[in-house]
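Examining the three-dimensional arrangement
As a plain string of letters, each chain reads:
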Amino acid sequence: IYPHGLGVMVRAMRAFPEAGLGLGGVPRSVPGPDPVCLEPAACAREIYWHGSDILLRSPLSTIIRRSSFEAVGGFSGRRSTGDYELWLKLVCHVPTVILPPYLGYWRDHGEQENYLRSIVHDEWERMDLQRRYWARAGSGLPTDFCHSVWRRCRRHYLRMLVNQLAGGRLRNAVGLAQWFWRRSD
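The structure displayed is predicted, hence computed values, not measured ones. (Residues numbered from 1 in each chain as written. Predicted model: local features only at pLDDT ≥ 70, side-chain atom pairs only at ≥ 80, totals over all residues. Heavy atoms only, no water.)

**What to know about the pairing of strand β1 (residues 21-24)**
Alternating residues of β1 divide into Leu21 and Leu23 and Gly22 and Gly24, and every residue in both groups is buried. Across three bridges, the pairing between β1 and strand β3 (residues 62-64) is antiparallel. Bridge pairing links Leu23 to Thr62 in β3. Bridge analysis of β1 against strand β4 (residues 96-99) gives four bridges, and the strand direction is parallel. Residue pairing across strands places Gly24 opposite Leu99, the latter belonging to β4. (Buried < 20%, exposed > 50% of the residue type's maximum accessible area, 1.4 Å probe, protein only. Helix = DSSP H or I, 4+ residues; strand = E, 2+ residues; numbered from the N terminus. Pairing = 2+ DSSP bridges.)

See below:
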């Protein structure tokens, strides 16, 4: 994190005491100055209706209020997609502050977690997490919205399956189909 970055993050979280999570460098459908605070339903709309990659943030660009971290049980220990899972749990339950971009420097090297696992596998994992946290009763979102989120996840799954088949990756396609079959409602 750049020297001024942590100060910017802390001031933004103090400006929105109801928020439990701050995510930096997030593209939004409605332009405007950052920071801005989004309720869980607004975060869901950014993700599913506007295609924002709001949850694909590294820990470097994230700040979490300790009480919120403890309330959702912290990190699960899930490898590779654990950060994504925690951000998802938090945005389902607490308002999220969208922070200004470029508060830190991300160094790319070959030993990072994203180079050690299959991108397709991680995509499957993220879809399962979305299904479990957004598209279920009790997420605090309207039931029809939760059902539409799951429909979008299924459509995304089908696109992934077709892409795997079209690319001649039959083994991946079979694995994806088996994974989805076990998780279908």
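**Regarding the pattern of salt bridges**
Note that side chains of opposite charge can pair when their charged atoms are close. A full pass over the atoms with the stated rule returns one salt bridge. For the salt bridge of Glu70 with Arg66, the shortest nitrogen-to-oxygen distance reads 2.8 Å. With a gap of four residues between them, Glu70 and Arg66 both fall in helix α3 (residues 66-71), about one helical turn apart. (Salt bridge = Lys/Arg side-chain N within 4 Å of Asp/Glu carboxyl O.)

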